[in-house]
There are 4 protein chains.
Amino acid sequence: MLRYLTAGESHGECLVATVEGMPAGLKVDVESIDRDMELRQQGYGRGARMKIEKDRVHFLSGLRSGVTIGSPIAIQIENKDNTIDRLPPVFEPRPGHADLSGALKYGHRDIRSVLERASARETAARVAVGSLAKCLLKEFGISVHAYVVMIGGIWAKMRAVSAQELARAIGHSLVRCPDRAVEKKIISAIDKAKAQGNTLGGAFEIRVTGAPVGLGSFVQWDRKLDGRLARALMSVQTVKAVEMGLGIRSSQSLGSESHDEIFWTKSRGFYRKTESAGGIEGGMSNGEDIVMRAYLKPIATLKRPLRSVDVRTKKPVKATYQRSDVCTVPAASVIGEAVVAFEMADALCEKIGGDSIHEMMRNYKGYLKQVHEF
Amino acid sequence: MLRYLTAGESHGECLVATVEGMPAGLKVDVESIDRDMELRQQGYGRGARMKIEKDRVHFLSGLRSGVTIGSPIAIQIENKDNTIDRLPPVFEPRPGHADLSGALKYGHRDIRSVLERASARETAARVAVGSLAKCLLKEFGISVHAYVVMIGGIWAKMRAVSAQELARAIGHSLVRCPDRAVEKKIISAIDKAKAQGNTLGGAFEIRVTGAPVGLGSFVQWDRKLDGRLARALMSVQTVKAVEMGLGIRSSQSLGSESHDEIFWTKSRGFYRKTESAGGIEGGMSNGEDIVMRAYLKPIATLKRPLRSVDVRTKKPVKATYQRSDVCTVPAASVIGEAVVAFEMADALCEKIGGDSIHEMMRNYKGYLKQVHEF
Amino acid sequence: MLRYLTAGESHGECLVATVEGMPAGLKVDVESIDRDMELRQQGYGRGARMKIEKDRVHFLSGLRSGVTIGSPIAIQIENKDNTIDRLPPVFEPRPGHADLSGALKYGHRDIRSVLERASARETAARVAVGSLAKCLLKEFGISVHAYVVMIGGIWAKMRAVSAQELARAIGHSLVRCPDRAVEKKIISAIDKAKAQGNTLGGAFEIRVTGAPVGLGSFVQWDRKLDGRLARALMSVQTVKAVEMGLGIRSSQSLGSESHDEIFWTKSRGFYRKTESAGGIEGGMSNGEDIVMRAYLKPIATLKRPLRSVDVRTKKPVKATYQRSDVCTVPAASVIGEAVVAFEMADALCEKIGGDSIHEMMRNYKGYLKQVHEF
Amino acid sequence: MLRYLTAGESHGECLVATVEGMPAGLKVDVESIDRDMELRQQGYGRGARMKIEKDRVHFLSGLRSGVTIGSPIAIQIENKDNTIDRLPPVFEPRPGHADLSGALKYGHRDIRSVLERASARETAARVAVGSLAKCLLKEFGISVHAYVVMIGGIWAKMRAVSAQELARAIGHSLVRCPDRAVEKKIISAIDKAKAQGNTLGGAFEIRVTGAPVGLGSFVQWDRKLDGRLARALMSVQTVKAVEMGLGIRSSQSLGSESHDEIFWTKSRGFYRKTESAGGIEGGMSNGEDIVMRAYLKPIATLKRPLRSVDVRTKKPVKATYQRSDVCTVPAASVIGEAVVAFEMADALCEKIGGDSIHEMMRNYKGYLKQVHEF
């Protein structure tokens, strides 16, 4: 079982993530993790702060000479702006944020005590965790790619490509959108929203390639892989909907059009020609690509402020303006990739057991053979 | 902390659910639970089997004279059709079901060992659990209502009504859709699909009324209420997408249109005039109605069978036809209501602590006063 | 991961245990489970009630033709005496029981609402769960035997024998004590206590044979096998102390006498000649027999009643007398065997993964080979 | 629910603990935590290394101006000796340590990858966590004190004193033993063992004062307070037995002598005159002091080395000597105090709910009143 906790405030000293249950013997690709850390900070439409800071992971424990030893892995990400004890109090809750509910729940008059932790800054720790999980998945030939499919109502056209081509196309795009034609329109839309002091939401898709059949389980409600993935994605700031495969389209279609028929050849074993289910049936991976989408509301911190109330005086105010991001969908897709990678790694560890990469691999090969010879 | 496990196969002796952590002193309304059990079995578009069986809950433990005593509550639901050891083996996995993945994962040549548990029959146990949770919520003035908003691409128009009116409108509809005009179109669509041997999916909405501000938390990824609700809903058979509030619409809108501005009056305290967020901000309830949607694929068991493969011979076959349901969206909405009710009850218990209704109520009133006087 | 919940009151309809995570393909030896159920009811020194009832397990789910299929296993044990709603209220809390604390915690004026669940009757469900776990362990050559080593201050002399001999010696003893000489003295002591209206405690030892090295882990406090075993044993009614290996003696000895030196031969691999550590070092099994002891207070329900207070009047009273057992240590050892077996099975599943006996065995053999070739 | 994870190796950069679920509004007494950190490093019989290093906690998150805000609390403890990547490999497993089992489990040829995490250095993080928990308990008038009752077979005589007097007596002793007469004998024994290159074990007692009735529960096996405490204590390095109250003595006594009779006066409510049960009945606190003991083996790293085997050559060797401690029982008692404090704080939070000290206190007072007026 893998598990993790994160800690840290937006303007505190640092973020810390502790990951428990990683097998021994995994060579950690720190560069690839730092690359993901950077990607989380980028994307067309980000404000000034993001361009200054450059997150780097620092492993406090769990490695010897860059290789895991089975002990918990603590990862630290420094905050350049450690001013939490000097920053002014906040009394004007922003609609769309944790501000008001958090203040009432925890009894905080000064809303800063909420927003410092509720801030999306915390997701840097989750990206580090997920990117570490990708190192594990890679050993087993499993990759996870997230990419933007819509911003501001402008939809990309996706076509079937290999995982590598997909990765390349994402990497080349300023908004992590593989459809070059649509990218330009999206950038115009962002520019327009920015000029108006407004913000834009969107949607990203995540594709997991190479996952074996049988991760997750149908036997108990809380072991279903789609449920676990949905929780992980919905827990990302601004995500307001999660879809597996062609879920929303299928809900409006006929049954005869909505299921992935089953085929078999000697070399491939069982396979499908379509991916309506998004690679998950009965709460388990079915051996095809796992495909899911997250839909994100536009960020709530607008140059054009929203109406709110001062928590001291109860008088109407305009919600505090703090950040200049117009669109964070590309960044959010990096976070989505991370949290999905963690869930996949957890499901894999649960399925095959083992305490070292060597042992996991032996178990894994045995299982693949079993499936192949079924 | 509330927790539950279910057990039982579709054609086994019975289903059993065990619920742990319920406070003492709750008068259990067994009739209301049985009503929910029945509702799960109904809805225009169900096949013959559903009409014969009539589920009833039987409490094996946890009550004295109909009142909880704090000990675990085991609920049994008898299966009329206890034939699991006599039923023939199944070798033709149905697309869209757990059949193939489950067989490969658990090494079952006879797929019956998968489908008996993966079957939606299991959700009867979850409805019992959720309906029990509704008894608890009711003590605190919290209600949960699920209703159909779309079937086969035909959308209902929803308008703001009281929880009571809503309940009445749902109760009067053959498809649990409060929009009477649309109900007729939906029934025609179901009839048409039936005539074609096809199936229909749809969407339901769930509205939680009366929940206090501050359930769930932003402090750790796995404590976010929306994440927990998404997991619960996504774990229901055929659900392929979950949306909080106006999530999908918001993702295509401007930031200035997508957030619920904050107001205050002496009598109401803080409140909103809109419900884009669906009552959840920062992973916590914000004191407004919690509104979410689930999107369901059409059921995969078609009269018009889909292509599959015999797991013994690896030859192409037509997937076994077993059930005559055309549309289970109304029934699924009952299940969705149940699993959401459980998560809300769990979040409530976690927030206010206590081991008896009396103690919970005292803590609850103290918290409401704290919020009111903030 | 294995997990289980039990439910049921002493005079309710039945007890129910639900076990989650059992692999598929395990032939369940129902007879051996029923034998353990009986053993829990026996032992010299038990009162009349135990002789009348004869517990039998009834599997409500999870099996097809007696073999597990991977789905949750619900086990029912009928209560012969289902009178909970007719039995009189209790207002006199018994010292040494959950009575008073439970009444205050849950706000029960009528203490029956506490004692019905707190009763050791519930352990019948745990014996069923643990006996099922023993079926799993047996597949991997792991056995668990508990036996009485002391009653009323009279200690048995234990000598090294094979697991089979040990089992035989336990089976032949009226008090589950392998030392025949001491058995007689113990029986006299029980007779004497009975004549005086008194009760006796004691100690039992548990020996796990055949467990592989490396179950549990040192990497996080809550993953240590000894901690998990201690929790399981301490959670058994009347257990007041738990000891691993020669723990108490070692605490009073020199370091040079207290550790199990390490040896190696080609055929055996690494091994020890002593068992001070009780087979657990650093929170992990070390490949030797796991040996632990539990110490039990005499049961608190005495014919010679203890002083208490009527919860209504607050007047002094003599605590209610309800049961005629003089000594339950032999029965408790059966329960201890069960809870230890469950923890061992859980630790094994966690170590080697897999969803079927077949897959587990393949992984297991791979691991044993790895250890052997280290 | 409180939870925590620790990370960090003995010669890595630092230790990190992350604590989740702490209420907001708790003033953290950093000085008292640092005092506990120091106490863990002291005690007559420690070697040279302990005298050089002086642990200090550094809060990375969760506080604003020294007060908790409800977010996770990450605590860092620097290692002065960060040499993990330069230290030589280890091939000679020490009996009594995790060395051999850990190497075989995780597949580590170089045993350093085991001992770096299995080392008792990790307990510094647990002391920090527990000491933080004591700050929380203090707000509710609950104190936790651990003290040595035996070293090397020399037993202290304990007499009833107030919590304050007890704390003072512990503080004045070089071996944390409140019995001054016995202290001298213990020190002589330590000196003698040192001269012989040997080590000594012992026992410590923990007394929790001020805990309310009703923490923990009897309703499910894993919710029993004594089970949770036993797990926490048994997970501390060198602890090999755990005893609640007079458990071991009671196991050899008559029932009439082994239970705490119940009394009542208007001012005190229900109370006991004896403490055989150690303040826990039926898996719940009973409102009296909670008293438990842990028994520790002598540490396994002896100047007089034990026999072992080189894992490469399989030739017999003498186990590596690394540390010069003779007796760590006083230090272990500090760790025991910490882990018990954490479990008590967790049980308290679970019982009374709430997200801030203010809310917890309101709920707590309501509960105390309910108990008083029962």
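What counts and what doesn't
Residues numbered from 1 in each chain as written. Chains lettered and ligands numbered in written order. Predicted model: local features only at pLDDT ≥ 70, side-chain atom pairs only at ≥ 80, totals over all residues. Heavy atoms only, no water. Least-squares fit on C-alpha atoms with pLDDT ≥ 70 in both. Contact = heavy atoms within 4.5 Å. Helix = DSSP H or I, 4+ residues; strand = E, 2+ residues; numbered from the N terminus. Buried < 20%, exposed > 50% of the residue type's maximum accessible area, 1.4 Å probe, protein only. Buried area = accessible area lost by both parts, 1.4 Å probe. Salt bridge = Lys/Arg side-chain N within 4 Å of Asp/Glu carboxyl O. Pairing = 2+ DSSP bridges. Core = buried A, V, L, I, M, F, W, Y, C linked by side-chain atoms within 4.5 Å. Axes fitted to C-alpha atoms, helices over the stretch in contact; angles between N-to-C directions. Parallel < 35°, antiparallel > 145°, perpendicular 65-115°, else oblique. Left-handed = near helix turned anticlockwise from the far one by under 90°. Nonpolar A, V, L, I, M, F, W, Y, C, P; charged D, E, K, R; others polar. Polar contact = N/O pair within 3.5 Å; in protein donor to acceptor, adjacent residues only side chain to side chain. Expected span 1.5 Å × (residues − 1).

Caption draft 1: Looking closely at the relation of the copies chain C and chain D. After a rotation of 180° and a shift along the axis of 0.0 Å, chain C superposes on chain D with an RMSD of 0.0 Å. Considering both components of the superposition, the chain copies are consistent with a two-fold axis.

Caption draft 2: The relation of the copies chain A and chain C, seen in detail. If you rotate chain A by 180° and push it 0.0 Å along the axis, it lands on chain C with an RMSD of 0.0 Å. Same-surface contact between copies: 100% of interface residues of chain A are shared with the interface of chain C.

Caption draft 3: Here's a closer look at unusual backbone geometry. Positive phi values are uncommon outside glycine, yet Ser65(A) reaches one of about 50°. Mapping Ser65(A) onto the fold places it in the loop between β4 (63-64) and β5 (67-68). In this structure, Lys314(C) takes a positive phi of about 65° despite not being glycine. Along the chain, Lys314(C) turns up in the loop between β16 (307-309) and β17 (316-318). The exposure class assigned to Lys314(C) is buried, which follows from its relative accessible area of 16%.

Caption draft 4: Highlighting the interface of chain C and chain D. At the interface, 102 residues of chain C touch 102 residues of chain D. Between chain C and chain D the total buried area reaches about 8,800 Å² when both faces are included, carbon and sulfur atoms providing 63% of it. On the chain C side of the interface with chain D, the three residues burying the most area are Trp221(C), Arg231(C) and Phe374(C), jointly 11% of the side's total. At the surface where chain C touches chain D, the tally comes to two salt bridges. Its salt-bridge partner being Arg307(C), residue Glu261(D) comes within 2.8 Å of it at the nearest N-O pair.

Caption draft 5: View of the pairing of strand β2 (residues 14-20) of chain D. Residues and elements named next belong to chain D. In terms of residue burial, β2 counts as a mostly covered element, since seven of its seven residues are buried. Across five bridges, strand β1 (residues 3-7) lies against β2 in antiparallel orientation. When the bridges of β2 are listed, Ala7 appears paired with Val16.

Caption draft 6: Highlighting the nonpolar core. One finds Phe140(A), Val208(A), Met344(A), Phe140(B), Val208(B) and Met344(B) to be the most contacted residues of the largest nonpolar core, which totals 169 residues. Once residues lying within four places of it in the same chain are set aside, the contact partners of Val208(B) are Ile142(B), Ser143(B), Val144(B), Asp289(B), Ile290(B), Met292(B), Val340(B) and Met344(B). In this structure, Ala133(D), Val175(D), Ile190(D) and Val340(D) belong to the second largest nonpolar core, which totals 168 residues.

Caption draft 7: View of the sheet that holds strand β1 (residues 3-7) of chain B. All names here are of chain B. Read from one edge of the open sheet, four strands run β1-β2-β6-β3, paired in antiparallel fashion. At either margin of the open sheet sits one strand with a lone partner, and together these are β1 and β3 (57-59). On average, adjacent strands in this sheet sit at an angle of 20° to one another, irrespective of strand direction. Those strands touched by helix α1 (residues 30-41) are β3 and β6 (73-78), and its axis lies near 140° from that of β3.

Caption draft 8: Geometry of the packing of helix α8 (residues 225-234) of chain C against helix α8 (residues 225-234) of chain D. For the pair α8(C) and α8(D), the least separation of the axes is 7 Å and the interaxial angle reads 155°. Relative to α8(D), the element α8(C) is oriented roughly antiparallel. The handedness of the crossing between α8(C) and α8(D) comes out as right-handed. Residues Asp226(C), Gly227(C), Arg228(C), Ala230(C), Arg231(C) and Met234(C) of α8(C) touch α8(D), and the partners they reach there are Asp226(D), Gly227(D), Arg228(D), Ala230(D), Arg231(D) and Met234(D). In terms of residue class, the contact of α8(C) with α8(D) is made up of four nonpolar, two polar and six charged.

Caption draft 9: Broad picture of the interface of chain A and chain C. In this assembly, 23 residues from chain A lie in contact with 23 residues from chain C. When chain A packs against chain C, close to 1,800 Å² is buried across both sides, 34% of that on carbon and sulfur atoms. Our enumeration of links across chain A and chain C arrives at 16 residue pairs in polar contact (both at pLDDT 80 or more). For the side of chain A that touches chain C, the secondary-structure elements that each account for two or more residues are α10 (329-352) and α11 (357-372) of chain A. Looking at which element gives the most residues to the side of chain A that touches chain C, the answer is α11(A), with seven residues. Looking at the side of chain A that touches chain C, its residues break down into four nonpolar, ten polar and nine charged.

Caption draft 10: Representation of the sheet that holds strand β10 (residues 239-244) of chain D. A sheet is described by the order of its strands in space; here ten strands give the open sequence β8(C)-β7(C)-β9(C)-β15(C)-β10(C)-β10(D)-β15(D)-β9(D)-β7(D)-β8(D), paired in antiparallel fashion. What marks the edges here is a single partner per strand, and that holds for β8 (154-155) of chain C together with β8 (154-155) of chain D. Strand direction decides the pairing type here: β10(D) and strand β15 (residues 290-296) of chain D, joined by five bridges, are antiparallel. For Val242(D), the partnering residue across the bridge sits in β15(D) and is Ala294(D).

Caption draft 11: Broad picture of the environment of Ser10(D). Residue and element names in this part refer to chain D. For Ser10, the location among the structural elements is in the loop between β1 and β2. Residue Ser10 is classed as buried on the basis of its relative accessible area of 4%. Spatially, the C-alpha atom of Ser10 lies 6.9 Å from that of Glu122, the residues being 112 residues apart in sequence.

Caption draft 12: Summary view of the pattern of salt bridges. A full pass over the atoms with the stated rule returns 108 salt bridges over all chains. A salt bridge links Lys105(D) to Asp355(A); the shortest N-O distance between them is 3.0 Å. A residue pair is termed interchain when its members come from two chains, as with Lys105(D) in helix α3 (residues 99-106) and Asp355(A) in the loop between α10 and α11. With relative accessibility at 2%, the residue Lys105(D) sits in the buried group. The closest approach of N and O atoms between Arg223(D) and Glu20(B), which form a salt bridge, is 3.1 Å. Here Glu20(B) lies in strand β2 (residues 14-20) and Arg223(D) lies in the loop between β9 (202-209) and α8, a pairing that spans two chains. By relative accessible area, Arg223(D) is classed as buried at 14%. Take Glu20(B): its relative accessible area is 1%, and that puts it in the buried class.

Caption draft 13: Region of interest: the pairing of strand β10 (residues 239-244) of chain A. Of all six residues in β10(A), six are buried, a share of seventy percent or more. Across three bridges, β10(A) lies against strand β10 (residues 239-244) of chain B in antiparallel orientation. Residue pairing across strands places Glu243(A) opposite Ala241(B), the latter belonging to β10(B).

Caption draft 14: Fine view of the packing of helix α1 (residues 30-41) of chain D against helix α5 (residues 123-139) of chain D. All names here are of chain D. Following both chains from N to C, one finds α1 and α5 inclined at 145°, their axes separated by 9 Å at the closest point. Here α1 runs over α5; the crossing is right-handed. On α5, the residues touching Ser32, Ile33, Asp36, Met37 and Arg40 of α1 are Thr123, Ala124, Val127, Ala128, Ser131, Leu132, Lys134 and Cys135. Residues belonging to the contact of α1 with α5 are distributed by class as follows: seven nonpolar, three polar and three charged.

Caption draft 15: Up close: helix α11 (residues 357-372) of chain D. Over its 16 residues, α11(D) extends 22 Å from the first C-alpha to the last, a length consistent with the 22 Å expected when each residue adds 1.5 Å. The inward-facing, buried residues of α11(D) abut α3 (99-106) of chain A, α10 (329-352) and α11 (357-372) of chain B, α3 (99-106) of chain C together with α5 and α10 (329-352) of chain D.

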